[in-house]
There are 4 protein chains.
Amino acid sequence: MITIGHFINGLSVAHEGRTQDVYNPATGIADKKVLLASKKTVQEAINAAQAAFPAWRNTPVIKRARVMFKFKQLLEDNADHIAQLIGQEHGKISHDAAGELQRGIENVEFACGAPQLLKGEHSRNVGPGIDSWSEFQPLGVVAGITPFNFPAMVPLWMYPLAIVCGNTFVLKPSERDPSSTLFIASLLKEAGLPDGVMNVVNGDKEAVDVLLTNPLVKAISFVGSTPIAEYIYTTANAHGKRCQALGGAKNHAIVMPDADMDNAVNQLLGAAFGSSGERCMALSVAVAVGDAAGDALVEKMQKAMTGLSVGAYDESSNDFGPVITCQHKDKVVGYIDSAEQQGAKIVVDGRHPKVKGYENGFFVGATLIDGVTIDMDSYKAEIFGPVLQVIRVDTMQQAMQLIDDHEYGNGTCIFTRDGEAARYFSDNIQVGMVGINVPLPVPVAYHSFGGWKRSLFGDLHAYGPDGVRFYTKRKTITQRWPSSGVREGVSFAFPS
Amino acid sequence: MITIGHFINGLSVAHEGRTQDVYNPATGIADKKVLLASKKTVQEAINAAQAAFPAWRNTPVIKRARVMFKFKQLLEDNADHIAQLIGQEHGKISHDAAGELQRGIENVEFACGAPQLLKGEHSRNVGPGIDSWSEFQPLGVVAGITPFNFPAMVPLWMYPLAIVCGNTFVLKPSERDPSSTLFIASLLKEAGLPDGVMNVVNGDKEAVDVLLTNPLVKAISFVGSTPIAEYIYTTANAHGKRCQALGGAKNHAIVMPDADMDNAVNQLLGAAFGSSGERCMALSVAVAVGDAAGDALVEKMQKAMTGLSVGAYDESSNDFGPVITCQHKDKVVGYIDSAEQQGAKIVVDGRHPKVKGYENGFFVGATLIDGVTIDMDSYKAEIFGPVLQVIRVDTMQQAMQLIDDHEYGNGTCIFTRDGEAARYFSDNIQVGMVGINVPLPVPVAYHSFGGWKRSLFGDLHAYGPDGVRFYTKRKTITQRWPSSGVREGVSFAFPS
Amino acid sequence: MITIGHFINGLSVAHEGRTQDVYNPATGIADKKVLLASKKTVQEAINAAQAAFPAWRNTPVIKRARVMFKFKQLLEDNADHIAQLIGQEHGKISHDAAGELQRGIENVEFACGAPQLLKGEHSRNVGPGIDSWSEFQPLGVVAGITPFNFPAMVPLWMYPLAIVCGNTFVLKPSERDPSSTLFIASLLKEAGLPDGVMNVVNGDKEAVDVLLTNPLVKAISFVGSTPIAEYIYTTANAHGKRCQALGGAKNHAIVMPDADMDNAVNQLLGAAFGSSGERCMALSVAVAVGDAAGDALVEKMQKAMTGLSVGAYDESSNDFGPVITCQHKDKVVGYIDSAEQQGAKIVVDGRHPKVKGYENGFFVGATLIDGVTIDMDSYKAEIFGPVLQVIRVDTMQQAMQLIDDHEYGNGTCIFTRDGEAARYFSDNIQVGMVGINVPLPVPVAYHSFGGWKRSLFGDLHAYGPDGVRFYTKRKTITQRWPSSGVREGVSFAFPS
Amino acid sequence: MITIGHFINGLSVAHEGRTQDVYNPATGIADKKVLLASKKTVQEAINAAQAAFPAWRNTPVIKRARVMFKFKQLLEDNADHIAQLIGQEHGKISHDAAGELQRGIENVEFACGAPQLLKGEHSRNVGPGIDSWSEFQPLGVVAGITPFNFPAMVPLWMYPLAIVCGNTFVLKPSERDPSSTLFIASLLKEAGLPDGVMNVVNGDKEAVDVLLTNPLVKAISFVGSTPIAEYIYTTANAHGKRCQALGGAKNHAIVMPDADMDNAVNQLLGAAFGSSGERCMALSVAVAVGDAAGDALVEKMQKAMTGLSVGAYDESSNDFGPVITCQHKDKVVGYIDSAEQQGAKIVVDGRHPKVKGYENGFFVGATLIDGVTIDMDSYKAEIFGPVLQVIRVDTMQQAMQLIDDHEYGNGTCIFTRDGEAARYFSDNIQVGMVGINVPLPVPVAYHSFGGWKRSLFGDLHAYGPDGVRFYTKRKTITQRWPSSGVREGVSFAFPS
């Protein structure tokens, strides 16, 4: 049985201590275990990062960027292996894991542009003979705490940018699928990153709390559920750290009567069920405007869903895999049950999927629920499973009101052909990431990712330009040179 | 006796309630009182701001900017009156009050550039036929809580920018000198600002706590002492608001052996004693590198200080005025006493100034203390009075260590003629605002203001480019238009 | 009879010399004459500008910007008088002249943001201990040569930005309607601009050629017809100057079958006939896609045009006024004649308008021509009169091809409700300024104005961000400070 | 004997035609010849580029950038081979060639950041319901014409950025050392660039004139001598192309009395003699302020120069190699002769170097000339050889005047420890690239390269941010969506 350890100061570290099982969710078997770092181990990682900081901070930015250029290349060279590691522990199908990695690599590509991104602003003559400029200096040691659902991508949102800005890093990935994360971090060493600049500790709340309270840690980036995000944010702030904490979501798509319905259905399939719906940007609610649209949507969706197949990660014809744990499977099924009990119609029922050879896997089939209302439990919560719920309203205004009333404000989308409807929607909707005929409006790496309302705690969004600002602190210098007579000297000739 | 009320929804408001005396610190007489807003009154202001938000948000930015253009003009037209209001309640000399107002106006000038500042980023073809762009949308109702020492300038750091970005505002200024703040706010109405966009409530902790907890308030900007800043920051965050809270300072100037000493002394005079040292950027510690520099500095400083005169605000030949309250005077004098008791040398003693005709005023004279060490109480605390302390060290490295070890990191300065020393200092010192031969390195309005360490809580600095980012939230739109056949239509000709 | 002179070095100047009549185009009477500057007079203006340059260049940018703040205020205070001056010599109706001035003022507002706009880029540690930054420094004396059709606005595109960037300026406005231009320039002096920074010379080719060849002039901004623009551009370049020269236009609107036709007609009325069509952004060709759209457009347009009235500038119920000269009237009428002769249908005929009391004015009525083809003379040329021509095509692709094949590429517009059609159009069309349901897509002052193909000669567009780059030259500084031992000095203590 | 051909549409092409010998300047033997493209061949390359444009333009920018990521990797993998190719034909020593390549690679790294660099500006609500944004679209086919002295680096300043912006490219490198250029271009194909996007034609004026006049070519980037630059610039402009043409230089270093003289001498050695002085940024004039500085400089320089060795490219202990041709050697020697004849003192004489085994090579040894005056021919011209001339002046003002009076304004440097002198110099000197204790102030790739005065023709500098602007044209879109009733529709429910 494999024991997964940590990566500290350039070395694999496996101190004795508590462990937790790591499952293959397709088989339901735990064939690995992961060490849960003690306070001391986390402290060791922080110290390594702190020790590496002064030299790394003073390394010219282009040299820091070149580590990222090389890192990108290594990620591409090792893409298949990484996808396999993800599949084994998370369960997502290889093509999906490859897609995840690709989105992560885009953030490395963005980090390669650090020399441009870190430019400060220079003003000549803010007063007579006085110049002023700003510099964006690194913070020191920063930490990331990341979720199970994107073990490669979400960490890659954080540390490439943090590191290229001159910081050193301690990452605590999800303890449920740590192997790909750990392997990727080791590639940074191969890319030439000095030891101690990047560190990974596996662990649970004990580890997290060290990161949140240790005064050497200057910033925390977190992605996870809203209650934890809120805890992380307030605790980090109370300990004098800057923090950005991304939480839950309930992403609605409005389907307008004029939408290209075949296109909408095609887009919704992937957006609702891809990665078993375990994405913070998953589209879990379709709001049909008018019953005609609603009926057409449900009918076409039902038909399209017959083609979906659920199964193990290494069969590329599968569309999506199991959910992450047995408990989570029960939770997802419970939400479907509750919807049924509360009066919704289960149009396509994924509660009892048959996956041959994987009878003990944590599978839930693609599920379509019609007639959902806003008072149902299944509507209020983030289900995080392959479940698409349909709500019907009479007008676009009602659809928008419903979205704005929801606690979360991560992503949303409208399907329409009409310029005016799209513009009104994107302008007014209280959601941070908006798609117009784009069901998963995850911003590309050179823009920034962030929800509104209780989907994000913090001023700045993740990655992209906001990420650069988050991982640096502004210093403003104002300079005047009083004359020292050197310039005006009339003659430096030897006296005769 | 004048009673000072509030400014809510475009009207002067003076509900019954608790009051507090407002003193003229030069005479020591309280000839006005200020109403302290109840919860209900603060709520009324918030509601007015909320009601004004939708229309203001949708007003094109150039129209919002034009209110600021007009506001600038009105501030200039009323400069003398504003300086007088400041002088009467704060005590600062007219020329100093005029300077304060001018720095405030610079922030209005910056706000006039909002159309440029609010531009988002547009990317064509982030994927085939897919475009993406960002918008910086206003937050809603935002609040400012400001200190007594700059009753005009510090509020002007905040609300012009917040408002021009499309937010509506509730300001709670210092209850010790509210009149200039209130008068200035009324000019916004005259400049054409719709009622409710700007509101001012006077008050104390009761009012503050409503602002910190009311869910309609989306952001808090604060300037004050560090303990309060920390309270504001953690409370606001815990209530789901973004917050930037600026706290205390202890600003050191390093005087290098190669400095132009006459210039340094001349600069230090204003930086240490101007506005009675009641500035968060006041230079309160001079660190002399080498005893030769130290002796020269103390000697020249002592001589130069004989020319300083302290007195009432309306005599323009005065250099600075009283401190803000009798209690504060006692506190400043107490720090001088303690320095003396702990072994420092009081070179120039301002504890018993004579100000003819103002025997009951809260005056402290300019004070110079030599031989200060880092364990003295007077060194550790922010005195906020006209007191310059001199510390002597042997090397520049020691001087920098001393600055980096201090709890605060607001401003600092080096006096030198040497390019290398200046660059090493500005690059490495752990302070947010750095002067090179500039003793008060307050960034101009088109850069941003912010300290490091415990001088600022928050990710983003005040005013300037960071201010724009603070007062807006990022929305990222991703757009794809599926073909609807309109474009490709082969023929729209009438069928023959 | 009034004689209009020059404005040089802060003074009105009227040297003896050649003159030219200035007409009131509504009455057809020349009641003023304008002096045409000799070489010597132009040289005098250039010399004044050159003499004023060093001090102005070194004036901190915020002080330069404050002249613009004041200038904006004076323009607003004098708006009625300026509109009257424009009306008397150009003929445009007061409300149109006021609109022109307002667009000009927007450029002054943009110039007020110069401190932000002139920021250079600062990079710390481009190598070990090496910093680098860019500065955008002014060029020196720059010149503007502007057309009759916007005597206030087009000059205001140029000199506020040029001046606020630190340059000094010589303007040669159109000799046909110079009074408003000259008056406006005089307001700059009142706003506090030092003498010599802004100068105006009236004149013809003799004056222009001095500006194009004098080595003290570093840059030329020009707006006019394409043949002249090309001459200006190549001559200026051959004399070592940077140049941006804006030429002619033939702006097409595509009217799609799904367009909101009433809205389109309403927009086209102003865009085609406003200011008698004497605008480089005038929409002079409507391309109807499909005969249904074409028929509807012509029918509704014809009806709507019955409400238009042509007349003198001072009757605000008039929609537009005369064209600029008698010769120009003949030319416009000639193009209508030629269209008729070449087979087009004159649907609404403006060749013989009746304007009571102004029988000698240079009036042409609003004219609508249907059935135009691309081989007609009236299609190929820029008519610059109140003439809208309709072309009919079968598909949007044909409409776009037609636009792309035209020599000019200034502005264009599509009327549609369809997101995909709009996006395809704006992405692919070979035109610099594109409107989607916006018939006059003149960029706001904080964007930049410029056509493609033979509508603009030069790399950079006019005003806005490109204007800032045009009026400045980049300087890049790279800095390393070798240690001089000042910083590292172990001890500066007195030897014992 | 090797015949060097062209690279067109992804293929090596070697049409019959005129040829020119390619020498190894160390041996003086011509062992290769290069084909000189006919008009037809150049036209073929242009046509290939034009054909490749539409698809390349529509390729998402991140995909274009990824070709550059791969290209960087291939350049690094092939660095030794490239350095060898450069050495064989140009003569520069391997370490120098490797350095040249590295500077070129930096431009590829910058090009990898294209997604960030190409962002346009988006403004919501420029009017009610009206949005506006800018796009930076590619130009089409652009051409580069590059000099012999940096056969790898200067082309890499141009085409990576041009191509990543969406343009297609035709390069005409120097016919004297074309092999490295051609080899590097072939790596782009290996990196995945579609055929036709990059093309290389060897040739002379016949080829150049096709590029300058063919209407499909939209822009020209040139680096070479000033007379040719001027011809290129005016010809390209007259044919409707944008152009940036970089010409000659005469770069002065001011040596101040307070300079760290050992450091200055050390820096000057490389800056004056590196690459045989055949660099447009070579420091060819040292201006000593005061005779003490002058004497010290000459003495230390003379001593330091004894350690320099000149020889063939493949002996890495050599400091620099031969000049490019026999004729050029004669020209350089002729300038040394003329200085001597006109009264200067040849302190170190490189006219007759002995390079064992390379007696026919085009070698000139490092030469130091003292007592130079501004009327000497050797001062006025750009020598482009390993010759450092020393001028002595009394004051810094005189030194600056001398620099400002020179026709060229490419680079300059000051050696000083004094902050004030450095700032005054960098602020006021009329030169585009300024070093403070940096003798070759070539901007890093993320800034831009460009001289002032007659060293650059054009508005925009080469590479970096200005390069992006040069290789794109601005399009501004203004958009309003009239309501089509889709959004407001009260009910889309089926009628009952």
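Because the structure is a prediction, the values reported are computed rather than measured.

How each quantity is defined
Residues numbered from 1 in each chain as written. Chains lettered and ligands numbered in written order. Predicted model: local features only at pLDDT ≥ 70, side-chain atom pairs only at ≥ 80, totals over all residues. Heavy atoms only, no water. Axes fitted to C-alpha atoms, helices over the stretch in contact; angles between N-to-C directions. Helix = DSSP H or I, 4+ residues; strand = E, 2+ residues; numbered from the N terminus. Contact = heavy atoms within 4.5 Å. Nonpolar A, V, L, I, M, F, W, Y, C, P; charged D, E, K, R; others polar. Salt bridge = Lys/Arg side-chain N within 4 Å of Asp/Glu carboxyl O. Buried < 20%, exposed > 50% of the residue type's maximum accessible area, 1.4 Å probe, protein only. Pairing = 2+ DSSP bridges. Buried area = accessible area lost by both parts, 1.4 Å probe. Domains from an automatic or database assignment. Least-squares fit on C-alpha atoms with pLDDT ≥ 70 in both. UniProt positions renumbered as here; feature names shortened; annotations may be inferred. Expected span 1.5 Å × (residues − 1). Right-handed = clockwise from strand over helix to strand, strands pointing away. Polar contact = N/O pair within 3.5 Å; in protein donor to acceptor, adjacent residues only side chain to side chain. Phe/Tyr/Trp six-rings, centres within 6.5 Å; stacked < 30°, edge-to-face > 60°. Lys NZ or Arg CZ within 6 Å of the ring centre and 35° of its normal. Disulfide = S-S within 2.5 Å.

J.: Got a minute to help me understand the packing of helix α8 (residues 205-213) of chain C against helix α9 (residues 226-238) of chain C in this structure?
T.: Packed helices, taken two at a time, are described by their axes: the angle between them and the distance between them. Residues and elements named next belong to chain C. Where α8 meets α9, the closest approach of the two axes is 9 Å, and the angle between their N-to-C directions is 35°. Across the interface between the two elements, Lys 205, Val 208, Asp 209 and Leu 212 from α8 touch Tyr 231, Ile 232, Thr 235 and Ala 236 from α9. Of the residues in the contact of α8 with α9, the class split is five nonpolar, one polar and two charged.

J.: Explain the pattern of salt bridges here, please?
T.: Once the charged atoms of two side chains with opposite charge are near each other, the side chains can pair. In total, this model carries 116 salt bridges over all chains according to the counting rule given. Across the pair C:Asp427 and B:Arg124 runs a salt bridge, and its minimum N-O distance is 2.5 Å. Of this pair, C:Asp427 sits in helix α15 (residues 419-428) while B:Arg124 sits in strand β6 (residues 120-127), on two different chains. With respect to class, C:Asp427 is no different from B:Arg124; both count as buried. Linking C:Asp262 and C:Lys300 is a salt bridge whose minimum nitrogen-to-oxygen distance equals 2.8 Å. Placement of the pair is C:Asp262 in helix α10 (residues 261-273) and C:Lys300 in helix α11 (residues 291-305), with a sequence separation of 38 residues. Three or more residues are tied together by salt bridges with common partners; here these are A:Arg66, D:Lys72, D:Glu76, D:Arg103, D:Glu106 and D:Glu109.

J.: Looking at this model, I keep getting lost on the environment of C:Lys189. Mind explaining?
T.: Residues and elements named next belong to chain C. Tracing the chain through its elements places Lys 189 in helix α7 (residues 179-190). In sequence terms Lys 189 and Pro 60 are 129 residues apart; their C-alpha atoms lie 18 Å from each other. Once residues within four sequence positions are removed from consideration, Lys 189 is found in contact with Phe 7, Gly 10 and Asp 195.

J.: I tried to follow the sheet that holds strand β1 (residues 2-4) of chain A on my own but got confused; where do I start?
T.: For sheets, the rule is that strands pair by backbone hydrogen bonds, running either parallel or antiparallel. Residue and element names in this part refer to chain A. With respect to topology, three strands assemble into an open sheet ordered β1-β5-β4, the strand pairing being mixed. Each edge of the sheet is formed by a strand with only one pairing partner; in this case those strands are β1 and β4 (19-24). Neighbour to neighbour, the strand axes of the sheet diverge by 40° on average, direction disregarded. Looking at chain direction, β4 and strand β5 (residues 29-35) are connected through six bridges and run antiparallel. Residue pairing across strands places Thr 19 opposite Leu 35, the latter belonging to β5. Lying over the sheet, helix α3 (residues 79-90) contacts β1, β4 and β5, oriented at roughly 100° with respect to β4.

J.: What's the story with the interface of chain D and chain C in this structure? I'm lost.
T.: Note: interface size is frequently given as the accessible area lost on complex formation between the parts. Counting from both sides, the interface comprises 64 residues of chain D and, opposite them, 64 residues of chain C. Approximately 5200 Å² of surface area, both sides summed, lies buried where chain D meets chain C, with 48% of it carried by carbon and sulfur atoms. Of all residues in chain D, D:His447, D:Asp459 and D:Arg474 give up the largest surface area on contact with chain C, accounting jointly for 14% of the area buried on that side. Run the count over chain D and chain C and you get six salt bridges. For C:Asp466, the salt bridge is made with D:Arg474, and the minimal N-O distance between the two is 2.8 Å.

J.: I keep staring at the domain arrangement of chain A and nothing clicks. Help me out?
T.: All names here are of chain A. Along its sequence, chain A is carved into domain 1 (2-247 + 455-477) and domain 2 (251-436). Computed from C-alpha atoms alone, the centre-to-centre distance between domain 1 and domain 2 is 31 Å. Taken together, the contact pairs 23 residues of domain 1 with 28 residues of domain 2. Across the domain 1 to domain 2 interface the summed buried area is about 2100 Å²; carbon plus sulfur atoms make up 61%.

J.: Mind showing me how you'd approach the relation of the copies chain B and chain A here?
T.: Both copies of the chain are related by one operation, a rotation about an axis with a shift along it. If you rotate chain B by 180° and push it 0.0 Å along the axis, it lands on chain A with an RMSD of 0.0 Å. The transformation relating the two chain copies, once decomposed into turn and shift, fits a two-fold axis. A share of 100% of interface residues in chain B that are also interface residues in chain A marks the association as one of identical surfaces.

J.: Explain the UniProt feature "domain: Aldehyde dehydrogenase" (unreviewed entry) in chain A here, please?
T.: The UniProt record marks residues 15-477 of chain A with the feature "domain: Aldehyde dehydrogenase" (unreviewed entry), using the residue numbering of this structure. The distance separating the terminal C-alpha atoms of residues 15-477 of chain A is 46 Å; by composition the span is 41% helix and 22% strand.

J.: I keep staring at the side chain of A:Asp131 and nothing clicks. Help me out?
T.: Within the secondary structure, A:Asp131 is located in strand β7 (residues 130-138). Excluding its chain neighbours within four sequence positions, the residues that come into contact with A:Asp131 are A:His122, A:Ser123, A:Arg124, A:Asn125, A:Val126, A:Ile477, A:Thr478, A:Gln479 and D:Arg423.

J.: Got a minute to help me understand the relation of the copies chain D and chain C in this structure?
T.: For the pair chain D and chain C, the superposition axis carries a translation of 0.0 Å, the fit reaches an RMSD of 0.0 Å, and the rotation angle comes to 180°. Comparing interface residues between copies, 100% of those in chain D also sit at the interface in chain C, which points to an isologous, same-surface contact.

J.: So what exactly am I meant to see when it comes to the sheet that holds strand β4 (residues 19-24) of chain C here?
T.: All names here are of chain C. The sheet built from three strands is open, its strands ordered β1-β5-β4 with mixed pairing. Strands at the two margins of the open sheet, each flanked by one partner only, are β1 (2-4) and β4. The sheet shows a mean angle of 40° between the axes of neighbouring strands, direction not considered. Strands β1, β4 and β5 (29-35) of the sheet are contacted by helix α3 (residues 79-90), whose axis makes an angle of about 100° with β4.

J.: I tried to follow helix α4 (residues 94-111) of chain D on my own but got confused; where do I start?
T.: The α-helix advances 3.6 residues per turn, and as a result positions three or four apart in sequence lie on the same side. Over its 18 residues, α4(D) extends 26 Å from the first C-alpha to the last, a length consistent with the 26 Å expected when each residue adds 1.5 Å. Buried within α4(D) we find D:Asp96, D:Ala97, D:Glu100, D:Leu101, D:Gly104, D:Ile105, D:Glu106, D:Asn107, D:Val108, D:Glu109, D:Phe110 and D:Ala111.

J.: Just checking my understanding: could you explain the pairing of strand β13 (residues 251-255) of chain C for this structure?
T.: Along a regular strand, successive side chains alternate from one face of the sheet to the other. Residue and element names in this part refer to chain C. Summarising burial for β13: five of the five residues are buried, a large majority. Relative to strand β14 (residues 283-289), β13 runs parallel, the two being bridged by five bridges. Looking across to β14, one finds that Asn 251 is bridged to Leu 283. Taking the sense of rotation as the criterion, the β-α-β connection linking β13, α10 and β14 turns out right-handed. Taken together, the four bridges between β13 and strand β19 (residues 411-415) define a ladder with parallel strand orientation. When the bridges of β19 are listed, His 252 appears paired with Thr 412.

J.: Hey, could you run me through the interface of chain B and chain A in this one?
T.: With 64 residues of chain B at the interface, the matching set in chain A holds 64 residues. In total, about 5200 Å² of surface goes out of reach between chain B and chain A, with carbon and sulfur atoms giving 48% of it. When residues of chain B are sorted by the area they lose upon contact with chain A, B:His447, B:Asp459 and B:Arg474 head the list and together hold 13% of the total. Here chain B and chain A share six salt bridges between them. Applying the counting rule to chain B against chain A returns 38 residue pairs in polar contact (both at pLDDT 80 or more). It is strand β23 (residues 472-480) of chain B that contributes the most residues to the side of chain B that touches chain A, eight residues altogether. Counted by class, the side of chain B that touches chain A contains 23 nonpolar, 26 polar and 15 charged residues. As paired elements, strand β23 (residues 472-480) of chain A and strand β20 (residues 433-436) of chain B share four bridges and run parallel to each other. Following the sheet pairing, A:Thr476 is matched in β20(B) by B:Met433.

J.: What is the right way to read the packing of aromatic side chains from this model?
T.: Each aromatic ring pair is summarised here by two numbers: the centre-to-centre distance and the angle between the ring planes. For the structure on display, the rule yields 38 aromatic pairs over all chains. Summarising the aromatic geometry, the rings of D:Phe449 and D:Tyr463 are spaced 6.1 Å apart at their centres and angled 45° between planes, so their arrangement reads as tilted. Separated by 14 residues along the polypeptide, D:Phe449 in the loop between β20 (433-436) and β21 (452-453) and D:Tyr463 in the loop between β22 (456-457) and α16 (464-470) bring together distant segments of the chain. The exposure class of D:Phe449 is buried, given its relative accessible area of 1%. The exposure class of D:Tyr463 is buried, given its relative accessible area of 2%. Following the ring pairs from residue to residue traces out a cluster consisting of A:Phe71, A:Tyr159 and A:Phe169. In this arrangement the basic side chain of B:Lys72 is found over the ring face of C:Phe69, its NZ or CZ atom lying 4.6 Å from the centre. Positioned above the aromatic ring of A:Trp452, the side-chain terminus of B:Lys473 is 3.8 Å from the ring centre.

J.: Explain the state of the cysteines here, please?
T.: When the sulfur atoms of two cysteines share a covalent bond, that bond is a disulfide. Considering all chains together, one arrives at zero disulfides over all chains under this definition. The structure places no disulfide on B:Cys280, whose sulfur is separated from the nearest cysteine sulfur, that of B:Cys413, by 16 Å.

J.: Honestly, the environment of D:Val323 in this entry has me stumped. Any pointers?
T.: All names here are of chain D. Along the chain, Val 323 turns up in the loop between α11 (291-305) and α12 (326-341). A sequence separation of 182 residues divides Val 323 from Val 141, and the C-alpha atoms of the two residues are 34 Å apart. Not counting chain neighbours up to four residues away, the residues in contact with Val 323 comprise Pro 25, Ser 276, Glu 278, His 328, Lys 329, Phe 362, Val 364 and Pro 386.

J.: What's the story with the side chain of B:Asn199 in this structure? I'm lost.
T.: Residue and element names in this part refer to chain B. Secondary-structure assignment places Asn 199 in strand β10 (residues 198-200). Here the side chain of Asn 199 touches Gly 196 through a polar contact of 2.9 Å, landing on its backbone oxygen. If we ignore the near neighbours within four places in the chain, the residues touching Asn 199 are Phe 7, Ile 8, Asn 9, Ala 45, Ala 48, Ala 49, Phe 169, Val 170 and Leu 171.

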